[in-house]
Amino acid sequence: MRDAKIGTGLVTEWRWLVLASIGVSYLLVFTQRTGPGVISDQLQAEFHVSAAMLGTITSIQYLLYMLIQIPVGLYGDKSGPERLLVIGVLCDGVGTLVFTSAHSFGWLLVGRAIVGLGDSLIWVNIVLILAKWFAKGRFAVVLAMVNTAGNLGALVTSIPLAAWIAVAGWHIPFMVIGILLVAAGVVDFIVLIGARPARAAAVAQAGSVRVERVPIGQMLADVVRSRLAWTTFCCHFGAMGTYLSMVSLWVVPYFMDVYRLPRAEAAWFTLTSFIGALVASPLMGWLSERIHDRRRPYIVTQTLSTIAWLAIVLWRGEPPLFVAGLIMFIVGFGCGSTLLTFAVIRDQVPAERSGVASGFANTGGFLSAVLLPVLFGAIIDAAGGATGANFAAARHAYTIAFVLPAGFSIVGVVGSLLLPQGLRERNGDVEKMDGMAPQTSS
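All of the points below concern the structure found in this document. Computed from a predicted structure; not experimentally measured.

Rules used throughout
- All chains use their own residue numbering, which begins from 1 and follows the written sequence.
- Local features in a predicted model are, by the rule used here, given only for residues with pLDDT of at least 70; side-chain atom pairs are given and counted only at 80 or more, and totals for whole chains, interfaces and linings are based on all residues.
- Each side-chain value is worked out from all heavy atoms of the structure, with water and hydrogens disregarded.
- Helix and strand labels come from DSSP, where a helix needs a run of H or I of at least four residues and a strand needs a run of E of at least two; each type is numbered from the N terminus.
- Burial classes follow relative accessibility: with a 1.4 Å probe on protein chains only, a residue under 20% of its type's maximum area counts as buried, one over 50% as exposed, and anything between as partly exposed.
- Two N or O atoms count as a polar contact when they lie within 3.5 Å, although within protein this holds only if one can serve as hydrogen donor and the other as acceptor, and sequence-adjacent residues are included solely when both atoms are side-chain atoms.
- When checking whether two residues touch, look at their non-hydrogen atoms; a contact exists if any pair is within 4.5 Å.
- Whenever Lys or Arg places a side-chain nitrogen within 4 Å of a carboxyl oxygen from Asp or Glu, that contact is recorded as a salt bridge.

## What about unusual backbone geometry?
Backbone geometry places R260, a non-glycine residue, at a positive phi of 55°. Mapped onto the fold, R260 is located in the loop between α12 (227–258) and α13 (263–290). R260 sits in the partly exposed class, given a relative accessible area of 45%.

Next comes the structure, spelled out in structure tokens:
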């Protein structure tokens, strides 16, 4: 009876409190995807590791994300998305505190592994929670608001974080971020789990979704046999994974080693990438709707990203700074365009498979993010461009290494060329899912 008496005003107020709590949490969570890239050289010097070993910091985080992505998509709502989101945010906080207090490289990896575990629990459960609180007409808007909060978190880890680190060193900033994440997890617990009566009323107001259960084994088999699933897997592998792995670890060291820029100035180029990603998502979504085609815009952005990486190689590792900034913007824009991966899935995949198909495509992006940092670092080591190398050696090493992200991006071009042309609307009011709403982001 108490649930039924919850007023519309209270539900509305709590609904926006839920959105604010999730948005702030996602902003802080996103800082842990890109933050280590600002301190790559300091970590390498402090822990006396090779460039290849340094790459494992990013790879272990994204490896856990990749491995857990599909299971979370399949089982998220069965254990309660609110609980899993709280656990994810708390793991991000604890992992960050372990990372910043590590006295050996092994503990550094443990910290990043805990962060990766927490990160894997975030996005799918955000989708599920917002679906409970917001009606279908508002759902896409609030999801975009949370996604924007994440991109703002990435912006924080460029110039502001670099400036703070220049003054205080890297330990204190990352410790503060870890404490804020733990606090955000506690607030999420109070807001999300302590709001059961309001949540029940919100679900009733938003309208429930009829669900048709589909056997998990059958669903996975259907997805793996699907040409579209592998096509979107390749698209995400080429655009999202290359951007995420490079900006998370190697972009700042590249500009410091080759251009001899101080850390704060080198971080401007990651900021340029983040702005590109921030601009691309709404723009490419609008354009693809306008021309009623996902394929052509995706071909253009995937091709431009490949050309951008190749430009560094053709300029022998040192394009003019203006051109380098343009390259970073284009790479970020290409990553922001990966929204089209999930738009294609929504258009083309039956509703009962859209969630796991999105998870499968997302896995492609994180597979790229797992492989590229280590391979890139190994090439830097082999070519004699490790930290402390002279200018000529560093430039030569990076010239060779940048062939890798260019090659990874070509996989995305092939995927975009194989996408179906035009849009296909799904009819009917019934959503068929296996316990989850379709994903729309990574």
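## A few points about the side chain of T96
One can find T96 in helix α4 (residues 81–100). Under the relative-accessibility criterion, T96 is labelled buried at 0%. Among the polar contacts listed, one links the side chain of T96 to the backbone oxygen of D92, at a separation of 2.7 Å. What T96 contacts, discounting residues up to four positions off in sequence, is Q32, V115, F174, G178 and L181.

## Here's the deal with the pattern of salt bridges
In this structure the tally under the stated criterion is 3 salt bridges. The partner of D41 in a salt bridge is R263, and the shortest N-O contact between them spans 2.6 Å. Of the two residues, D41 sits in helix α2 (residues 40–47) while R263 sits in helix α13, which places them 222 residues apart along the sequence. According to the relative accessible area criterion, R263 is buried, its value standing at 12%. In this structure, R296 and D293 form a salt bridge, with 2.8 Å as the shortest nitrogen-oxygen distance. Here D293 falls in the buried class, since its relative accessible area comes to 1%.

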